[in-house]
Amino acid sequence: MRFLLDDEQTAFARSLDGLLTAADTPAVVRSWGAGDHGAGRALWSRIAELGVFALAVPEAYEGVGARPVELAVAFVELGRHAVPGPVVETVAAAALLSEPGFSHLAKRFLPGVASGETVVTVALPGGGPYVLDGDVADVELRMTGGGRGGGFGGEEGQLWGASGAREGSPDVRRSLDPARRLCVPRSGGELLAAGPRVGAGVADAVRWARLATAAQALGVGLALLDRTVAYVKQRRQFGVPVGSFQAVRHRLADAKIALEFARPLVFGAAVSMEPADLAAAKVVACEAAYATARTALQLHGAIGYTAEYDLSLWLGRARALRCVWGSPGECRGVVLGGGGDDGAGVG
Amino acid sequence: MRFLLDDEQTAFARSLDGLLTAADTPAVVRSWGAGDHGAGRALWSRIAELGVFALAVPEAYEGVGARPVELAVAFVELGRHAVPGPVVETVAAAALLSEPGFSHLAKRFLPGVASGETVVTVALPGGGPYVLDGDVADVELRMTGGGRGGGFGGEEGQLWGASGAREGSPDVRRSLDPARRLCVPRSGGELLAAGPRVGAGVADAVRWARLATAAQALGVGLALLDRTVAYVKQRRQFGVPVGSFQAVRHRLADAKIALEFARPLVFGAAVSMEPADLAAAKVVACEAAYATARTALQLHGAIGYTAEYDLSLWLGRARALRCVWGSPGECRGVVLGGGGDDGAGVG
Amino acid sequence: MDLTYSPADQAFRAEARSWLDAHVPAGSLPSLETEEGFAAHRAWEAELAADRWSVVSWPTAYGGRDCGLVRWLVFEEEYWAAGAPGRVGQNGVSLLAPTLFDHGTEEQRARILPPMGRGEVVWAQAWSEPEAGSDLASLRSRAVRTAGGWLLSGQKTWSSRAAFADRAFGLFRSEPDTPKPHQGLTYLMFDLRAPGVTVRPIGRLDGKPAFAELFLDEVFVPDEDVIGEPGQGWRVAMSTAGNERGLTLRSPGRFLASADRLAALWEERGRDPYTRDRVADGVIGARAYQLFTYAAASRFLEGEPLGPESSLNKVFWSEYDIALHETALDLLGPGGEVADTDGDGGWGEGYVFSLAGPIYAGTNEIQRDIIAERLLGLPKGRR
Amino acid sequence: MDLTYSPADQAFRAEARSWLDAHVPAGSLPSLETEEGFAAHRAWEAELAADRWSVVSWPTAYGGRDCGLVRWLVFEEEYWAAGAPGRVGQNGVSLLAPTLFDHGTEEQRARILPPMGRGEVVWAQAWSEPEAGSDLASLRSRAVRTAGGWLLSGQKTWSSRAAFADRAFGLFRSEPDTPKPHQGLTYLMFDLRAPGVTVRPIGRLDGKPAFAELFLDEVFVPDEDVIGEPGQGWRVAMSTAGNERGLTLRSPGRFLASADRLAALWEERGRDPYTRDRVADGVIGARAYQLFTYAAASRFLEGEPLGPESSLNKVFWSEYDIALHETALDLLGPGGEVADTDGDGGWGEGYVFSLAGPIYAGTNEIQRDIIAERLLGLPKGRR
């Protein structure tokens, strides 16, 4: 019983933080959202070099084996820096393709995932109706024929793959997070696998996606809190710092409480990888991040409501992460053993 | 279109307020809760003399006809002064017995209701599992065989009456409101009526009970707010009045907002007497009163948590009213046309 | 306690409804916060104005129908129930026009109101400055006396609609060394295309230029465009804030229509039990806001001024509006992250818009302070 | 990130469970806040103590098992999961005993701890005074030097358990004219049945005498019942507040057991969909609190003191506890207004108890101020 990060994990977080701080990530996010992916792909490679994607890839395929705690550590940092792109989806794909019996697929795709060469996006039950960044991903995986919801039952299904440029201009829809480019899933493609293993793989993918999303949301919330605390210390109204008003102080205290009680759920879920724990971490981290976003916006006032001020990068992310990979209601259903049968959860 | 009380209605509220202020109502509430009903019955008579119960009794039976707006005015005052006893239940009984076709029952019971001689309690679908103050009421009405919920469908049913002293000591259970004495309904008694008219009468009774409960809850909330505002102005901590702390001020502002938006729903429901409007008024007034109770307790601190301090009279009432005559969930279901099919609403 | 409409009001409602049925565009117009959408909304104002529906509460002389508050509320109910477009002229109609009615000259009213009512001249507000947000009295932009008028210099920000609007109005410091910060301010109107004005559009959260920064460098304003006395601008601006603006800033009709759409979405989603209570609260909240407004309007019509209770109204609608949109997005599930106007009933765009509610027109923190001090009589305390 | 228990901890868990299975009374005891219930709970403490289960974290010399924090958490999980009674000795065990371990003399520990651990001497706290609630440093009750000891005079209030307890501990002003209010205070223990002590029970919301007012009139306390140095009482009291008390005030095991009961009630009620989300939040909240506590315990065991983060803990559990009970009462429907211990699973009594959470042990407003200042580094500002 020692429920703390060890020195190596802390150092890993610090080096990722250093990399992302130095990389002027906000500028990368903005260009990604504008459809210019060069800087984002470069950043992706550097994140991969630090070993982030290898944490979801077995050693046999040039990964370091399944390391969910380290993955959570990494995704907190990705969230803190609002890193764009289908990072969660790539991890979900790695989990899916690590399913025993998919060794031919694993051999074909996973080394590229681990090295950062291959950016993957997915359209799976338990995700959402769109493929994130389908216009830039190298590979798009899609499951058909499966059940709805989290798919923990290991349903029958078919797994399809598509790669290469999309024909014509992709149908990109605007997200509440301008850095998230939502595409309608492709139809057809190459049939990669079929049968109950597809369902089992998707169930694994959803577990990893929930962990990564929860950790990312926690990081988003922490960044929102940090930036807002810094802002209210220097912003003055009525002759005093805004941060000396008790209403402001208490609202930030509440955000701090919510985030600090989400954190152990995220790491506890990484330790157990149990569906109920993952669902709990997903809903609580996302609700804490979203509540912090509301607080951050309100305490910044008008400046926070602008796209050009960097706070916006985290505000939109907090909202978007809350919606995908299991709505709040769906996750609460899973916690109570309902298997994610929430009608509202699947759009 | 003039959505305001007229001068007569305002004067009526003022005279009731004057009566209840002069009557040392808190002492009456305490003795009532202790099982000593003398002072309470005397107060009841004086309230009746001002015409409160006559507002739900047709002119043919010594009432003044159905006057829901005036009834709401009166019940706000009863709530503000935490008047004990089955006031809502007596009004519900009056509405039930005013049903066309029940003239024999009306003639028998309603003049006593209007004059304040007859205190009635009820066990009806849409109320709760206990009869309020069943140990003191002169008449206990009970419906059997009806449907669940608000009973707006006019179900078949039997109406039973019992009066006189209960045999043995009544099985009184403690409520979260010490002034509310909860008894298990009697079985048997006199069969007063049977058939679909019973269901229709009960539906009317529930409508009037919801209005009276909503108005009473609004009054409870207003009293809690007033007392708390007065307290935080004089109570000092850290060298200043507690009411100068922004967190305190904002919490009271929120209570004020909740109550001031409940008020028009209560009077709007009195004007229309539509089930959806009544359900909306019931849930919103009770939630506002309960939220104000939470605020009042927190801002008073330990003193507010004691039974001997008068605030407690309203704190418990706010909680109890929220539970009965339609739970919050049941009322919300009615607003959306669900007919109160909330499983949790019927205990 | 009378909630019935007079026969004349009912006839008015029927007339409005039938006009709207015949004229409201079938699809939604492009977003108001785009150049194309702005133009489309301007054209819609002209169409409304042609049949005297654009500013029903104004005197007929300026293009209105002389409607009282109740009839205005009726019109708004019908307008939004019909799914009609957002109002591009809102800033001018709800902020500048009441000021002109109270403090303007007859010449100003005759010159300014009719083109405002027709959407020919769209007005932006120019209140806030970078260092004067909630603390509005600490304005720094200057108005310096010159022959026949004033020269405006300084910076304004959060100027709603200014990216595409024609003119703007605001307060400027005309006397630099007054004992108190809200003295020595003057209320002026100016042309956004005048020499010396630079408009820098600012994108809101979804990137759309919903407001702008204004840089003013010796912008000439003739004397005829001062409202009220020079130096009295604070009083002029505040006296208008105390009129029925608290009721007209966001009409109940708007929320009643949104609540209807929410309930319909919930029905479409099979009456999802998990969101039932929140949907019900959406429906109830719109009704509460409507009835609260009718009560306030009734008091106003009997001569009671609307005072600090406008702060109750402001906090209520702004928080209600966000909750309503959050519920809708939750009903949309993972698809709810889409922010396009044309998808999923525009809930995403409406959500982004709703987020500004607790911030503008006096933050909700300021409003709660006003409620505590002026409605509850609590000690002032430091904020 | 290791959440596994050592084999020794697992063996300890099994031992605790089997003892509890054999000993926990079948029905619930009468309410702790009644004379009869107090006696029954005292007897239960003796039964626990007989097999060394009453104070597992104390040294064996005083009747404990020398358990570390993790094993204490394990014991608490088992204790509450078994449905065992509330702890009548809580005030002494969680507040006075840590102070004695840190600041008491060996003589004091040997004399005071064993009977405390057996429930023979039940302790009440005597901190608050009528004019010193949240503002504890402004205490007025006096300790005046006399031969061989001190004479205590003044009034204490909100003294939990004092209606039926044996002894009490608290701070008294021993030096009247110090420059700062928290100087010149002395930490003393006194007998509630000593001459000069009047105990006036105070009923909490449900009327049960959960606390009392204490009137002290020259109550003699011998020198041996001063803890630490005279005049240093504030430091003595505060240093204990900074130890693991933040973790032990309310154990996670207690909330895990409540959450299990809530989930069972929800199943009984047919998995009512309308309360599903709140029930899930009850289950999740207990788990979050447990994991938060394990993380804090892990840090503590590595030598990090528990500082202001105890304030996070306090706000979280107190609000969580109320929400949990509110959800249960809502599931009970109209029957949820019943406050009896013996009906409906005791949710009504638990609800009344939970309402005190945000008020005592430092109000949640004070805690949020501490979080803002000491964890977020925000300017102090007036509260």
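Residues numbered from 1 in each chain as written. Chains lettered and ligands numbered in written order. Predicted model: local features only at pLDDT ≥ 70, side-chain atom pairs only at ≥ 80, totals over all residues. Heavy atoms only, no water.

## A closer look at the overall build of chain A
Working step 1: In terms of regular secondary structure, chain A is built from eleven helices and nine strands.
Working step 2: Taking 347 residues into account, the globule formula puts the C-alpha radius of gyration at 20 Å, and chain A, at 19 Å, falls close to it.
Working step 3: For chain A, the spread of C-alpha atoms along the three principal axes comes to 65 × 45 × 40 Å.
Working step 4: Classification of the 347 residues of chain A by burial places 67% in the buried group. (Helix = DSSP H or I, 4+ residues; strand = E, 2+ residues; numbered from the N terminus. Rg over C-alpha atoms; globule rule 2.2 N^0.38 Å. Buried < 20%, exposed > 50% of the residue type's maximum accessible area, 1.4 Å probe, protein only.)

## What to know about the interface of chain B and chain D
Working step 1: Every contact between the two is made by 45 residues of chain B and, on the other side, 46 residues of chain D.
Working step 2: By the criterion of area lost to chain D, the three top residues of chain B are Arg174, Phe238 and Tyr305 of chain B, representing 21% of everything that side buries.
Working step 3: Put simply, chain B and chain D have six salt bridges between them.
Working step 4: In this structure, Arg200 of chain D engages Glu308 of chain B in a salt bridge whose closest nitrogen and oxygen atoms are separated by 2.8 Å.
Working step 5: Within the residue set of the side of chain B that touches chain D, elements represented by two or more residues are strand E5 (172-174), helix H8 (246-272), helix H9 (275-300) and helix H10 (311-323) of chain B.
Working step 6: At six residues, H10 of chain B tops the list of elements feeding residues into the side of chain B that touches chain D.
Working step 7: Along the lines of polarity and charge, the residues of the side of chain B that touches chain D split into 20 nonpolar, 14 polar and eleven charged. (Contact = heavy atoms within 4.5 Å. Buried area = accessible area lost by both parts, 1.4 Å probe. Salt bridge = Lys/Arg side-chain N within 4 Å of Asp/Glu carboxyl O. Nonpolar A, V, L, I, M, F, W, Y, C, P; charged D, E, K, R; others polar.)

## With respect to the relation of the copies chain B and chain A
Working step 1: The transform that puts chain B on chain A rotates by 180° and translates by 0.0 Å along the axis, for an RMSD of 0.0 Å. The two molecules are tied by a two-fold rotation axis, judged by turn and shift.
Working step 2: When the interface residues of chain B are mapped onto chain A, 100% of them again fall at the interface, so both copies present the same face. (Least-squares fit on C-alpha atoms with pLDDT ≥ 70 in both.)

## Concerning the interface of chain B and chain A
Frequently, the measure chosen for interface size is the accessible area removed from exposure when the parts meet.
Working step 1: Of the residues lining the interface, five residues belong to chain B; the matching set on chain A comes to five residues.
Working step 2: Summed over both sides, the interface between chain B and chain A buries roughly 310 Å², with carbon and sulfur atoms accounting for 51% of that surface.
Working step 3: Counting across the interface, chain B meets chain A through zero salt bridges.
Working step 4: Residue classes in the side of chain B that touches chain A are distributed as three nonpolar, two polar and no charged.

## Digging into the pattern of salt bridges
Working step 1: Taken as a whole and assessed by the stated rule, the structure comprises 112 salt bridges over all chains.
Working step 2: Measuring nitrogen to oxygen at the nearest pair gives 2.6 Å for the salt bridge that ties Lys208 of chain C to Glu349 of chain C. With Lys208 of chain C in the loop between strand E6 (197-202) and strand E7 (211-222) and Glu349 of chain C in helix H11 (residues 347-355), this residue pair connects regions lying 141 residues apart in the sequence. Each member of the pair, Lys208 of chain C as well as Glu349 of chain C, is classed as buried.
Working step 3: Residues joined by salt bridges that share partners form a network here, namely Glu287, Arg319, Arg322 and Arg332 of chain A, Arg278 and Asp330 of chain C together with Asp281 of chain D.

## Digging into the packing of aromatic side chains
Working step 1: Under the counting rule described, the total for this entry stands at 55 aromatic pairs over all chains.
Working step 2: On the numbers, 6.4 Å between centres and 5° between planes, the contact of Phe169 of chain D with Tyr187 of chain D is stacked. Here the residue Phe169 of chain D occupies a position in strand E4 (residues 167-173), and Tyr187 of chain D occupies one in strand E5 (residues 185-191), the gap between them amounting to 18 residues.
Working step 3: On the basis of relative accessibility, which here comes to 0%, the residue Phe169 of chain D falls in the buried class.
Working step 4: Taking the relative accessible area as the measure of exposure, Tyr187 of chain D reaches 1% and is therefore buried.
Working step 5: Following the ring pairs from residue to residue traces out a cluster consisting of Phe261 of chain A together with Phe255, Tyr289, Phe292, Phe316, Trp317, Tyr320 and Tyr360 of chain D.
Working step 6: One cation-aromatic arrangement involves Arg319 of chain B over Tyr290 of chain B; the distance from NZ or CZ to the ring centre is 4.8 Å. (Phe/Tyr/Trp six-rings, centres within 6.5 Å; stacked < 30°, edge-to-face > 60°. Lys NZ or Arg CZ within 6 Å of the ring centre and 35° of its normal.)

## Considering the sheet that holds strand E6 (residues 181-183) of chain B
Within a sheet, each strand pairs with its neighbour through backbone hydrogen bonds, oriented either parallel or antiparallel.
Residue and element names in this part refer to chain B.
Working step 1: Strand order in the open sheet made by the three strands is E2-E6-E5, with antiparallel pairing throughout. Each edge of the open sheet is held by one strand with a lone partner, namely strand E2 (131-132) and E5.
Working step 2: In this sheet, E6 lies alongside E2 in antiparallel orientation, the contact comprising two bridges. Note that in E6 the partner of Val131 across the bridge is Cys183. (Pairing = 2+ DSSP bridges.)

## Remarks on unusual backbone geometry
Working step 1: Even without a glycine there, the phi angle at Phe238 of chain B is positive, about 55°.
Working step 2: Of note, the phi angle at Trp158 of chain C is positive, near 50°, even though the residue is not glycine.

## Some words on the confidence of the model for chain A
Working step 1: For chain A, per-residue confidence averages 92 on the pLDDT scale, and residues scoring 70 or more make up 93% of the total.
Working step 2: pLDDT under 50 marks residues 340-347 of chain A. Its contacts with residues more than four places away, or in other chains, come to 27 contacts. (pLDDT = per-residue confidence, 0-100.)

## A look at the state of the cysteines
Working step 1: Per the counting criterion, the structure on display carries zero disulfides over all chains.
Working step 2: The thiol of Cys286 of chain B is unpaired, and the distance to the nearest cysteine sulfur, on Cys331 of chain B, comes to 7.5 Å. (Disulfide = S-S within 2.5 Å.)

## Let's talk about the packing of H9 of chain B against H10 of chain B
All names here are of chain B.
Working step 1: Between H9 and H10, the least distance of the axes is 9 Å, while the angle of their chain directions is 145°. H9 and H10 meet at a crossing whose hand is left-handed. Residues Lys282, Cys286, Glu287, Ala289, Tyr290, Ala293, Ala296, Leu297 and His300 of H9 pack against Leu311, Leu315, Ala318, Arg319, Leu321 and Arg322 of H10.
Working step 2: Of the residues contributing to the contact of H9 with H10, the split by class is ten nonpolar, one polar and four charged. (Axes fitted to C-alpha atoms, helices over the stretch in contact; angles between N-to-C directions. Left-handed = near helix turned anticlockwise from the far one by under 90°.)

## Concerning the sheet that holds strand E2 (residues 131-132) of chain A
Working step 1: Here three strands make up an open sheet; going across it, the order is E2-E6-E5 (chain A) and the pairing antiparallel. Two strands in the sheet have a free side with no partner beyond their single neighbour: E2 and strand E5 (172-174) of chain A.

## Regarding the side chain of Thr157 of chain D
Residue and element names in this part refer to chain D.
Working step 1: For Thr157, the location among the structural elements is in strand E3 (residues 149-160).
Working step 2: Note on Thr157: relative accessible area 5%, which makes it buried.
Working step 3: Ignoring sequence-local partners within four residues, the contact set of Thr157 consists of Ser128, Glu129, Pro130, Ile202, Ala212 and Glu213.

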